[in-house]
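# Descriptive analysis of the structure
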Amino acid sequence: MCRHMAYLGPPSTLHRLLYRPEHALHRQSYAPREQRHGTVNADGFGVGWYPPDGGEPLRYRRAMPIWADSSFADAARAITAGCLVAAVRDATPGFGSDESCAQPFRADGLLFSHNGAAEDDEALAAALGAPAPAGALDARTPVDSAPLFAHTVRLRRQGAGLGEALAATALAALEVSPGRYNLLASDGHAIAATALGDTLYVRAQAGGAVIASEPLDDTREWHRVPECSLVIADSEGIRTTALAAPAARGRREEGDAQWSAPTAT
């Protein structure tokens, strides 16, 4: 059920981030190594990035597999960004595969992706989706990720920090419906993600970090984010904390340990 990644660091071409690593997101679209739900991510893809000179994030989304879009592969060689959120999609049964369902979603300078699925999407929509935040058009998309995005935007507008909003949204969703709620987001200054039902890894690198559903290569720098945790990477480093709700604590895997490290400089 999808693979996603985020990058924060020195400006780099999108091609270098999405295509060049041995197990890049492009490869994960057709040959994921750790995907436990579904086997291939051919129902669309999306990339959102923040221009190096600042401003609102830009976005490219398609309903086709990323491997079939050779034009984007060419354009990615000329697009540079220091912060990115990208996803390849394996559509949840019952939901469409049109371009509007491809993530990341975007509003208020936020890029957002959900890897997972809700068992009771109607309950999730009723509890977290309505009313859709004004101006957040992606919050109205007919997919189970939309209510999660709506709630995250709502919390951000109320003053919640990036990681705080993701953690609160994931836990609120779990209270309403069983499911897998790996959320990933960026505001252009930080990247944050929850590990709640699926795999998640983080790697520090010179001047930044990468968060991804699975490692992009076989180097030893990747660290598995413990189940039921929040990870944040920003200019101060990388931090992981446990999601504190009782329901989440019960799902932490035995032997999981928190890990944190300063961002490499």
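Our subject is the structure that appears above.
Residues numbered from 1 in each chain as written. Predicted model: local features only at pLDDT ≥ 70, side-chain atom pairs only at ≥ 80, totals over all residues. Heavy atoms only, no water.

## Examining the sheet that holds strand β4 (residues 80-88)
Selection criterion: In this analysis, strands are considered paired if DSSP registers two or more bridges between them. Put simply, DSSP H or I for four residues or longer makes a helix, DSSP E for two residues or longer makes a strand, and each gets a number counted from the N terminus.
Strand order in the open sheet formed by seven strands is β3-β2-β4-β1-β10-β9-β11, with antiparallel pairing between adjacent strands. What marks the edges here is a single partner per strand, and that holds for β3 (58-62) and β11 (223-224). Pairing analysis gives two bridges linking strand β9 (residues 201-205) to β11, with the strands arranged antiparallel. Its bridge partner being in β11, valine 202 is matched across the sheet by histidine 223.

## Some details on the sheet that holds strand β6 (residues 110-118)
Rules: Interaxial angles span 0 to 180 degrees and are taken between N-to-C directions of axes, which are lines fitted to C-alpha atoms, for helices over the stretch in contact. The contact rule is simple, with two residues in contact once any of their heavy atoms fall within 4.5 Å.
Reading across from one edge, β5-β6-β7-β8-β12-β13 is the order of the six strands in this open sheet, with antiparallel pairing throughout. At either margin of the open sheet sits one strand with a lone partner, and together these are β5 (105-107) and β13 (237-242). Going from strand to strand, the sheet's axes swing by 15 degrees on average, the running direction of each strand aside. Bridge count between β6 and strand β7 (residues 179-186): eight bridges; the pairing is antiparallel. Residue asparagine 115 lies in a different strand from β7, and its bridge partner there is asparagine 182. Sheet strands in contact with helix α6 (residues 162-176) are β6, β7, β8 (191-195) and β12 (229-234), and its direction is about 165 degrees off that of β7.

## Some points on helix α5 (residues 146-157)
Along an α-helix, residues three or four positions apart point the same way, because every turn accommodates 3.6 residues. To be explicit about the condition: For a helix, the expected span equals 1.5 Å multiplied by the number of residues minus one. Remark: exposure states derive from per-residue accessible area (1.4 Å probe, protein chains only) relative to the maximum for the residue type, with buried under 20%, exposed over 50%, and partly exposed in between.
Compared with an ideal rise of 1.5 Å per residue, which puts 12 residues at 16 Å, α5 spans 17 Å between its outermost C-alpha atoms and is within 8% of the ideal. Counting buried residues along α5, nine of its 12 residues qualify, which places the element largely inside the surrounding structure. Buried within α5 are the following residues: Ala146, Pro147, Leu148, Phe149, Ala150, His151, Thr152, Val153 and Leu155. Tucked inside the fold, the buried residues of α5 contact β5, β6, α4 (121-129), α6 and β7. The positive-phi residue at the C-terminal boundary of α5 is glycine 159, with phi of around 105 degrees.

## Considering the nonpolar core
Our working definition: The definition of a nonpolar core used throughout is a set of buried Ala, Val, Leu, Ile, Met, Phe, Trp, Tyr and Cys residues joined through side-chain atoms within 4.5 Å.
Formed by 33 residues in total, the largest nonpolar core has its most connected members in Phe112, Leu124, Leu148, Phe149, Tyr181 and Leu196. Elements with a minimum of two residues in this core: β5, β6, α4, α5, α6, β7 and β12. If you tally residues by element for this core, the top one is α6, at seven residues. If sequence neighbours within four positions are ignored, phenylalanine 149 has contacts with Phe105, Arg106, Ala107, Leu110, Phe112, Ala136, Asp138 and Ala139. In terms of nonpolar packing, the next biggest core, distinct from the first, is built from 24 residues, Leu18, Ala76, Val88 and Ala212 among them.

Note that every value here comes from positions in space, so none of it alone points to a role or purpose.
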